[in-house]
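An overview of the molecular structure
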Amino acid sequence: MTTFYKKYMLMAIAKARSGIDLGQTPFGACIVKGRKVISCAHNVVWKSMDITAHAEVHAIRQACSKLKTIDLKGCVLYSTCEPCPMCFSACHWANISTIVYGCAIKDAHKAGFHELTISNKRMKQWGKSEVAIVGDFLREENQRLFAYWQSREDKRVY
């Protein structure tokens, strides 16, 4: 399973990097069902001027539209960073089966993002969510996105 995780996480990383190149923030997400990529998105907060347009939410919107359903049971979400509370809730409501993330919320906070540092594991526990969580997957590769973003003169944070 790790080989498949790596393939799809690398897609999320590439998508985040392309978002950074377009002046967006360093976050990417890929939704997969079985071995089929349903959606892959980067954060579009600045492009859309929509504070809720995080990569995970954007990928969920695309997946629901493509599959013509709001029930994404059986889907795995690969995220370059641990989903924030809003994105975790969206995954829960969409019935995402598994979240695989790279770096932790605390890493985004350290990079200057105004994240609520509540872990997915804690939200899962408190909310009695059934979503499975795999964290710190390709952590170093995902942390490099923050370094790349921070090196850019056009970076914007929210």
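On a predicted model such as this, the values are computed, not experimentally measured, just so you know.

Digging into the packing of helix α1 (residues 2-21) against helix α7 (residues 139-150)
Remark: α1 packs on α7, axes separated minimally by 10 Å, with the N-to-C direction vectors making an angle of 5 degrees. Relative to α7, the element α1 lies roughly parallel. Counting all contacts with α1, which are made through Met-9, Ile-13, Ala-16, Arg-17, Ile-20 and Asp-21, the residues of α7 involved are Glu-141, Asn-142, Leu-145, Tyr-148 and Trp-149. Its residues placed into classes, the contact of α1 with α7 shows 7 nonpolar, 1 polar and 3 charged.

Focus on unusual backbone geometry
Backbone geometry at Asn-95 places phi at a positive 65 degrees, although glycine is not the residue there. Its location among the elements puts Asn-95 in the loop between α4 (85-93) and β4 (98-103). For Asn-95, a relative accessible area of 39% corresponds to the partly exposed category.

Quick word on the sheet that holds β4
Overall, mixed pairing links the 5 strands, which are arranged β2-β1-β3-β4-β5 in an open sheet. One side of each edge strand has no neighbouring strand; the edge strands of this open sheet are β2 (36-42) and β5 (132-134). Neighbour-to-neighbour, the strand axes of this sheet turn through a mean angle of 15 degrees, independent of strand direction. Against the sheet, helix α6 (residues 120-127) contacts β4 and β5, and its axis sits at roughly 165 degrees relative to β5.

So, the packing of helix α3 (residues 55-67) against α4
Contact pair α3 / α4: the axes reach a minimum separation of 9 Å and the direction vectors enclose 25 degrees. One way to sum up the angle between α3 and α4 is to call them roughly parallel. In this structure, α3 crosses over α4, and the sense of that crossing is left-handed. From α3, Glu-56, Val-57 and Ile-60 reach across to α4, where they touch Met-86, Cys-87, Ala-90 and Cys-91. Looking at side-chain class alone, the contact of α3 with α4 contains 6 nonpolar, no polar and 1 charged residues.

Examining the pairing of β2
Of all the 7 residues making up β2, 5 are buried; the element is thus mostly covered by neighbouring parts of the structure. Where strand β1 (residues 28-33) and β2 come together, 6 bridges link them in antiparallel fashion. Bridge pairing in β2 links Lys-33 to Lys-36. Between β1 and the antiparallel strand that follows it, β2, lie 2 residues; Gly-34 among them carries a positive phi value of about 65 degrees.

Digging into the packing of aromatic side chains
Within the structure shown, the criterion is met by 7 aromatic pairs. Relative to Phe-137, the ring of Tyr-5 lies with its centre 5.6 Å away and its plane at 90 degrees, an arrangement referred to as edge-to-face. Placement of the pair is Tyr-5 in helix α1 and Phe-137 in the loop between β5 and α7, with a sequence separation of 132 residues. For the pair Phe-113 and Phe-146, a centre-to-centre distance of 6.3 Å together with 50 degrees between the ring planes defines the contact as tilted. Of the two residues, Phe-113 sits in the loop between α5 (105-110) and α6 while Phe-146 sits in helix α7, which places them 33 residues apart along the sequence. The class of Phe-113 is buried, set by a relative accessible area of 2%. The exposure class of Phe-146 is buried, given its relative accessible area of 6%. We note Arg-17 situated over the ring of Tyr-148; from NZ or CZ to the ring centre the distance is 3.7 Å.

Basis of the calculations
Residues numbered from 1 in each chain as written. Predicted model: local features only at pLDDT ≥ 70, side-chain atom pairs only at ≥ 80, totals over all residues. Heavy atoms only, no water. Axes fitted to C-alpha atoms, helices over the stretch in contact; angles between N-to-C directions. Helix = DSSP H or I, 4+ residues; strand = E, 2+ residues; numbered from the N terminus. Parallel < 35°, antiparallel > 145°, perpendicular 65-115°, else oblique. Contact = heavy atoms within 4.5 Å. Nonpolar A, V, L, I, M, F, W, Y, C, P; charged D, E, K, R; others polar. Buried < 20%, exposed > 50% of the residue type's maximum accessible area, 1.4 Å probe, protein only. Pairing = 2+ DSSP bridges. Left-handed = near helix turned anticlockwise from the far one by under 90°. Phe/Tyr/Trp six-rings, centres within 6.5 Å; stacked < 30°, edge-to-face > 60°. Lys NZ or Arg CZ within 6 Å of the ring centre and 35° of its normal.

These values are about where atoms sit, not about what they do.
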